[in-house]
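Remarks on the overall topology
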Amino acid sequence: MRRDLLELILIESLVTIAATLAGSFSVVYLIDAGFSLFESSLFYLQAFIWAAILCFCVARFGFRNPRHWMALGVLVQSCYYLSFTVLEGNLLLFITPLFFGFYFIGFWIPYNILMLRQTSKENRGEMIGYFFLVFPVIGLASPIIGGYMIEGIGYYLIFSFAFVTLLCNAILIMMCKGTESAPMKGRLTTRGMGKRLAAGLFFEGGQEGVWWTAVPLISMLFITGEKNLGYLFALFNLAGGIASIIVARLTDRRGFRHWYVRIGAIACIPLAIGIAWAPDYSIYLVLAGCIYLIQPMFQILLFAMATDRMEKRLTSCSVTRELLLNAGRILGGAAVALILLWTGDIRLAYAVSAFMFLGMVLTK
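Residues numbered from 1 in each chain as written. Predicted model: local features only at pLDDT ≥ 70, side-chain atom pairs only at ≥ 80, totals over all residues. Heavy atoms only, no water.

1. A short note on the overall build of the protein
Within the protein, the regular secondary structure consists of 14 helices and 0 strands. Secondary structure of the protein in N-to-C order comes out as α-α-α-α-α-α-α-α-α-α-α-α-α-α. Whereas a compact globule of 364 residues would reach a radius of gyration of roughly 21 Å, the protein reaches 19 Å, a difference of no more than 12%. Going through the 364 residues of the protein one by one, you find that 60% of them count as buried. Within the protein, counting contacts between residues at least 6 apart in sequence, those at least 24 apart form 88% of the total. When the accessible surface of the protein is split by element, carbon and sulfur atoms take 68% of a total near 14600 Å². Of the side chains in the protein, 27 bear a positive and 19 a negative charge, and the two mean positions are spaced by 14 Å. (Helix = DSSP H or I, 4+ residues; strand = E, 2+ residues; numbered from the N terminus. Rg over C-alpha atoms; globule rule 2.2 N^0.38 Å. Buried < 20%, exposed > 50% of the residue type's maximum accessible area, 1.4 Å probe, protein only. Contact = heavy atoms within 4.5 Å. Areas by Shrake-Rupley, 256 points an atom, 1.4 Å probe, with all protein chains shown as cover. Lys, Arg positive; Asp, Glu negative; His and termini not counted. Charge placed at Lys NZ, Arg CZ, Asp CG, Glu CD.)

Written as structure tokens, this is what we have:
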């Protein structure tokens, strides 16, 4: 099991390198390419819609060979980054998100199932926390490196590097014994999970839909230059990493996971509202940094709670969770797009984020 664990972490690390080095600047690139804030906000929204649709397909047909799907998922993601260098105009805006949506489902659902097989009820929160810790650890440096690469050479270099990294990862996936698995198939159901936990996952997705779209856009209001933006992303990732470590040590030992989610969500509501009216960079950074300290708690604990309740049906749990998250992301992303269309003020989107945190208080 230890070898399988290390292999899975290595695979996740390569995905994360590509995501934090190049993916952090995807929306920024769209702005620099001449797209409006409203048009750029549609980018991830489309990806969320495609991912939700594909969840229904997966629930119907399953993953006959999970390893092949994971490899195909990262290959499609490599095409996602390649498309930034070869597509432009409406082709870039409307075709590229399809690649991202497919990668979401093709790679992450079977990967998460393999990851959950490494856990038990006694260590699940902590183990999930370690997997989530990969993102902030790698994110400490890669967005900064990406910013320097953009300013020194251009976007072409970071997107090309991400493309090559993911090609190598696809080969690694096919070679690792830890990715071998029997077919995975499960249906969409909240039975066992519970409606209030399902609501918590939906609103977690809603918050992610707002932040994934809004953070790069609002950051550009306060900071100019991709290098400086990289510093901001790295600081956010560091804050999330610290929170992940704390949460990983607390959840399995003390229990009552839903209370941590509720308290964290209540604490985030005034912070999100404050961001909506932040007058300058310093206040924005402090408020957003506080939320990033708390946010990993939602991802870890809600995932652990769902798995605890559907431990014998990991595929159903993972597919249903992914659908709930992407349905929420659609709501969050659509809210950001509508706010930009009506007002043009991206900061107001964070008021919507406060509503998503309020929804997570329903978790039980």
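2. Describing helix H5 (residues 89-116)
Its 28 residues place the ends of H5 40 Å apart at the C-alpha level, agreeing with the 40 Å of an ideal helix rising 1.5 Å per residue. In H5, a bend of some 30° at Trp108 exceeds every other bend along the element, and Pro110, a proline, comes one to four places later. Of all 28 residues that make up H5, 20 are buried, and the element is covered over most of its length. (Expected span 1.5 Å × (residues − 1). Bend = angle between axes of the 7 residues up to and from the residue.)

3. Some points on the pattern of salt bridges
As enumerated under the stated definition, the model contains 8 salt bridges in all. Between Arg124 and Asp308 there is a salt bridge whose closest N-O contact spans 2.6 Å. You can see Arg124 sitting in helix H6 (residues 124-139) and its partner Asp308 sitting in helix H12 (residues 281-309), a full 184 residues away along the chain. Here Arg124 matches Asp308 in class, with each residue buried. A salt bridge links Glu322 to Arg321; the nearest nitrogen and oxygen atoms lie 3.9 Å apart. Each member of the pair, Glu322 as well as Arg321, is classed as buried. (Salt bridge = Lys/Arg side-chain N within 4 Å of Asp/Glu carboxyl O.)

4. Considerations on the environment of Gly34
You can see Gly34 is positioned in the loop between helix H2 (26-32) and helix H3 (37-61). Judged by relative accessible area, which is 63%, Gly34 ranks as exposed.

5. Topic: the packing of aromatic side chains
This structure, assessed with the given rule, holds 33 aromatic pairs. Judged by centre distance (6.4 Å) and plane angle (25°), the rings of Tyr81 and Phe159 are stacked. Within this pair, whereas Tyr81 is found in helix H4 (residues 66-86), its partner Phe159 is found in helix H8 (residues 155-175), the two being separated by 78 residues in sequence. Here Tyr81 matches Phe159 in class, with each residue buried. Centroid distance Phe202 to Phe203: 5.2 Å. Interplanar angle 80°. Geometry classified as edge-to-face. (Phe/Tyr/Trp six-rings, centres within 6.5 Å; stacked < 30°, edge-to-face > 60°.)

6. Description of the packing of helix H11 (residues 257-276) against helix H14 (residues 349-360)
The interhelical angle for the contact between H11 and H14, taken along N-to-C directions, is 170°, at an axis separation of 8 Å. When the axis of H11 is compared with that of H14, the two are roughly antiparallel. Contact residues: H11 offers Val261, Ala265, Cys268, Ile269, Ala272, Ile273, Ile275 and Ala276, while H14 offers Tyr350, Ala351, Ser353, Ala354, Phe357, Leu358 and Met360. Grouping the amino acids of the contact of H11 with H14 by side-chain chemistry returns 14 nonpolar, 1 polar and no charged. (Axes fitted to C-alpha atoms, helices over the stretch in contact; angles between N-to-C directions. Parallel < 35°, antiparallel > 145°, perpendicular 65-115°, else oblique. Nonpolar A, V, L, I, M, F, W, Y, C, P; charged D, E, K, R; others polar.)

7. A look at the packing of helix H1 (residues 2-21) against H8
Running from N to C, H1 and H8 cross one another at 165°; their axes reach a closest spacing of 9 Å. Viewed along their axes, H1 and H8 adopt a mutual orientation that is roughly antiparallel. Classified by chirality, the crossing of H8 by H1 is left-handed. Touching Leu10, Ile11, Leu14, Val15, Ile17, Ala18 and Leu21 of H1 are Ile158, Phe161, Ala162, Thr165, Leu166, Asn169, Leu172 and Ile173, all from H8. (Left-handed = near helix turned anticlockwise from the far one by under 90°.)

8. Section: the environment of Gln295
Tracing the backbone shows Gln295 in helix H12. According to the relative accessible area criterion, Gln295 is buried, its value standing at 9%. On a C-alpha basis, the gap between Gln295 and Glu7 in space is 27 Å, while along the polypeptide they are 288 residues apart. Apart from the residues lying within four places of it in its own chain, the contact partners of Gln295 are Gln207 and Trp211.

9. Topic: the nonpolar core
Of all hydrophobic cores here, the largest spans 117 residues; its most connected members are Phe107, Tyr111, Trp211, Ile275, Phe298 and Tyr350. With 15 residues, H12 is the single largest residue contributor to this core. For Tyr111, the residues in contact, after removing those within four places along its chain, are Leu8, Ile9, Ile11, Glu12, Met70 and Phe131. (Core = buried A, V, L, I, M, F, W, Y, C linked by side-chain atoms within 4.5 Å.)

10. Some remarks on a nonpolar patch on the surface
A cluster of nonpolar side chains, contributed by Leu140, Leu238, Ile242, Ile246 and Leu293, occupies part of the molecular surface with about 400 Å² of accessible area. Looking at the nonpolar patch, the element that brings in the most residues is helix H10 (residues 226-254), giving 3 residues. Within the fold, Leu293 resides in helix H12. Residue classification places Leu293 among the partly exposed residues on the basis of a relative accessible area of 39%. (Patch = residues over 30% accessible without salt bridge, like charges linked within 9 Å, V, L, I, M, F, W, Y side chains within 5 Å.)

11. Focus: the side chain of Thr179
With respect to the helices, strands and loops of the structure, Thr179 is situated in the loop between H8 and helix H9 (195-222). For Thr179, a relative accessible area of 0% corresponds to the buried category. Here the side chain of Thr179 touches Cys176 through a polar contact of 2.9 Å, landing on its backbone oxygen. When residues no more than four places from it in sequence are discounted, the contact partners of Thr179 are Ile11, Arg67, Met70, Leu114 and Ile173. (Polar contact = N/O pair within 3.5 Å; in protein donor to acceptor, adjacent residues only side chain to side chain.)

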